[in-house]
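The lines below spell out each chain.
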Amino acid sequence: MRLVIAEKPSVAAALAAALGVKNKKDGYMEGGGYLISWCVGHLVELAEAAAYGEQYKKWSYDSLPILPQPWQYTVFKDRQKQFKILKDLMCRSDISEVVNACDAGREGELIFRLVYHAAGCDKPFSRLWISSMEKSAIKKGFAELKPGEAYDALYASALCRAKADWIIGINATRLFSVLHGKTLNVGRVQTPTLKMLADRDAAITSFKKETYHIVRLDVGGAEAASARISDAADAEALKTACEASQAVCVSLKKEKKTALPPKLFDLTSLQREANRVYGFTAKQTLDYAQSLYEKRFLTYPRTDSNYLTEDMAQTATDLVAALLPVLPFMQGAELTPEIGRVINSAKVSDHHAIIPTAAFAGNGFDRLPESEKKLMSLVCCKLLCAVAAPQEYETVTAAFDCGGKPFTAKGKTILIAGWKDIDARFRATLKAKPDEDSAEDVALPELSEGQIFETVTASVSEHYTTPPKPYTEDSLLSAMENAGKEDMPEDAERQGLGTPATRAAMIEKLLSAGFVERKGKSLVPTKDGINLAVILPDMLKSPLLTAEWETRLTEIAKGSDDPQSFMQGIEDMTRELVKQYSHITEDGKKLFAPEKEAVGICPRCKSPVYEGKKNFYCSDRSCRFVMWKNDKFFESRRTVFSKKIAAALLKDGKAKVKGLYSERTGKTYDGTVLLCDTGEKYVNYRIEQRK
């Protein structure tokens, strides 16, 4: 009997359906000579630093670097039940073979191997390697199982990646946290991402606005514009000269062009467009997509592929036909799909592109929450656009001479709307207005070379250069995806910073750590984030580290590089890092000290007043002003001398306080406390007389 181990319960269910395995048990399914179970993602992980000795439980410089030898592993605390189920299944006497059916890629290989080894299993195993969850693809994959050892090099590559991230992450985080007295998370992916945000913020901050002017001519209904003119007087002089001259069309250039349909969504492009169209964060998009996937309405979302596999051509054709009547924006529209545009098995890695399922086409949008309806609409629109005809259009560029200076008018005429018609239909349903046409998207009137315009109307408009825009999740995801690409091998499995599945979590990690904050749609580094990006060495901030790793890891996966040599390089780099940053300046130690928030202004010297554990004190040490929290005035009235009361006293000299206790009557009352400062050692208070 074969034990099949998938990466997730949903995948196990799809495999069971394809193989006709229907008997459900606790944590697995059984039938037809198969046991099918799952890992729930990562079940086994590299042990924490403290597992290697008592000296690593506390963070200290003297305990660095931490270089495990041998490495230890542990089972995720909340997943021990499923691990025990897998271990018991592997040990069953009727199991003769194990099938690794985890995702077809580096991480899937790692997930299975760590469980296999941690369970102490020595039974032979084979590898299911498929890129589609269609029944036909699953059956074909089981008919062509590969020997497990054929993927030993891929496993070595995956293990090297995990160990290297552990070594750099643990050592760099502890090193800089100990030096600066604040937890500073450092990682191969998140640190270069933070650096990109800090660099953009610096470019915005240092930007100097410049004024420029453009002279515009009305020539026969077309608007022709000059080049930028920095001086306002020069622009006005040109305007005057033009109105006293004739304009001549000196050249007319027409070009027929084609706008090809977009590719299907991978996770990153879906997150980007959902952020652009709906303002969803990357994490929200992933959460909604995961929910739809679990409802069987959407295919697997954590993919970096934009294509479908060849065996899915008929499925995609049937799906497009089934979607047309379901989508409100396609009512009355016709579409002859060109499915071949989205089919390319060679460009599908672990999973194919994100598309709707036949189950969604059969059910439609009923009972879906609004957020999931929006995401499904986006995915459906993308599929229809991707298989539609290209848009064909003609561009016209007219050059004019007037007043001795060149002017240009640009226009565009749509010949065949193609996929853009579907996109426009969809965007017309959005509450937010679609992007307005630019001047170039407007058709020009009929013009001819040599045409003369005797009467010219001219105008001058003033403009300002604009700073770079802050990153949004859309633009940051794009920057992460493309970072360091030019330095990576074309066949590296992972290019850019992170993976489609981890980029959203990385952004959220920077936000939760307080290094980045959201301002509307923008992502902006905080003071601590900017400081962290400044203090870390270039090798940790540059995407080049990831590029170099991916180059080596790709070679290890091919069997043409040595895993031990790679790990030795990581260890040497870590030793050098710890050695190089053995101490910092006093100013460096204060760099991440929390900024104190002033409670108010000292009534004596006008310096800020801060809150201490026992008092509210003037920041000027030579000034003796202090308000004690345990002052008898408040204690006798059984009232906590709060920061709110202190702030009111400093601002207005009085504070309204509820629930003051009267020792005379034994009752409570609401009153106004007055600050009575005589300039002596102690500050006095009294209750304002009630009228």
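Residues numbered from 1 in each chain as written. Predicted model: local features only at pLDDT ≥ 70, side-chain atom pairs only at ≥ 80, totals over all residues. Heavy atoms only, no water.

1. Let's talk about the pattern of salt bridges
This structure, assessed with the given rule, holds 42 salt bridges. Across the salt bridge formed by Asp165 and Arg161, the nearest N and O atoms sit 3.0 Å from each other. Residue Asp165 and its partner Arg161 are located together in helix H5 (residues 152-180), separated by four residues, close to a single helical turn. For Asp165, a relative accessible area of 22% translates into the label partly exposed. Of the charged contacts in the structure, one is a salt bridge between Asp165 and Arg188, with a shortest N-O distance of 2.7 Å. With Asp165 in helix H5 and Arg188 in the loop between H5 and helix H6 (190-205), this residue pair connects regions lying 23 residues apart in the sequence. Assessed through its relative accessible area of 9%, Arg188 is described here as buried. Overlapping salt bridges, with partners in common, bring together Arg272, Glu273, Arg276, Lys382, Asp423, Arg427 and Asp474 in one network. (Salt bridge = Lys/Arg side-chain N within 4 Å of Asp/Glu carboxyl O. Helix = DSSP H or I, 4+ residues; strand = E, 2+ residues; numbered from the N terminus. Buried < 20%, exposed > 50% of the residue type's maximum accessible area, 1.4 Å probe, protein only.)

2. A few points about the sheet that holds strand S21 (residues 608-611)
As summarised here, the arrangement of the four strands in space is S20-S21-S22-S23, forming an open sheet in which the pairing is antiparallel. Both edges of this open sheet fall to strand S20 (600-601) and strand S23 (626-628), since each of them pairs with a single strand only. Where strand S22 (residues 615-618) meets S23, three bridges bridge the pair, whose relative direction is antiparallel. The residue of S23 that forms the bridge with Asn615 is Trp628. (Pairing = 2+ DSSP bridges.)

3. Let's talk about the nonpolar core
One finds Phe176, Trp549 and Phe566 to be the most contacted residues of the largest nonpolar core, which totals 88 residues. Ranked by the residues each element gives to this core, the list is headed by H5, at 14 residues. Setting aside residues no more than four positions away along its own chain, Phe566 makes contact with Cys160, Ala164, Trp549, Arg552, Leu553 and Ile556. If you look at the next biggest cluster of nonpolar residues, it comprises 54 residues, including Tyr278, Leu335, Ala353 and Tyr393. (Core = buried A, V, L, I, M, F, W, Y, C linked by side-chain atoms within 4.5 Å. Contact = heavy atoms within 4.5 Å.)

4. Side note on the pairing of strand S25 (residues 668-676)
With six bridges joining them, strand S24 (residues 654-661) and S25 adopt antiparallel strand pairing. Across the sheet, Lys654 pairs through a bridge with Leu674, a residue of S25.

5. A short note on the packing of helix H8 (residues 267-278) against helix H12 (residues 370-386)
Two numbers describe how H8 lies on H12: the axes approach to 11 Å, and their chain directions differ by 120°. As for how H8 packs across H12, the hand of that crossing is right-handed. Each of Leu270, Glu273, Ala274, Val277 and Tyr278 in H8 lies in contact with H12, whose residues at this interface are Lys374, Leu375, Ser377, Leu378, Val379 and Lys382. Partitioning the contact of H8 with H12 into residue classes produces seven nonpolar, one polar and three charged. (Axes fitted to C-alpha atoms, helices over the stretch in contact; angles between N-to-C directions. Left-handed = near helix turned anticlockwise from the far one by under 90°. Nonpolar A, V, L, I, M, F, W, Y, C, P; charged D, E, K, R; others polar.)

6. Things to note about the packing of aromatic side chains
Applying the stated criterion across every chain yields a total of 23 aromatic pairs. Considering the side-chain rings of Phe176 and Tyr581, the 5.2 Å spacing of their centres and the 65° angle between planes classify their relative orientation as edge-to-face. Taken together, the residues span a long stretch of sequence, with Phe176 in helix H5 and Tyr581 in the loop between helix H19 (563-580) and helix H20 (586-590) at a distance of 405 residues. A relative accessible area of 1% means that Phe176 is categorised as buried. (Phe/Tyr/Trp six-rings, centres within 6.5 Å; stacked < 30°, edge-to-face > 60°.)

7. Considering the side chain of Asn306
Of note, Asn306 is situated in the loop between helix H9 (282-294) and helix H10 (313-323). By relative accessible area, Asn306 is classed as buried at 18%. A distance of 3.0 Å separates the side chain of Asn306 from the backbone oxygen of Leu264, its partner in a polar contact. When sequence neighbours within four positions are dropped, the list of residues in contact with Asn306 reads Lys263, Leu264, Phe265, Asp266, Ser269 and Ala353. (Polar contact = N/O pair within 3.5 Å; in protein donor to acceptor, adjacent residues only side chain to side chain.)

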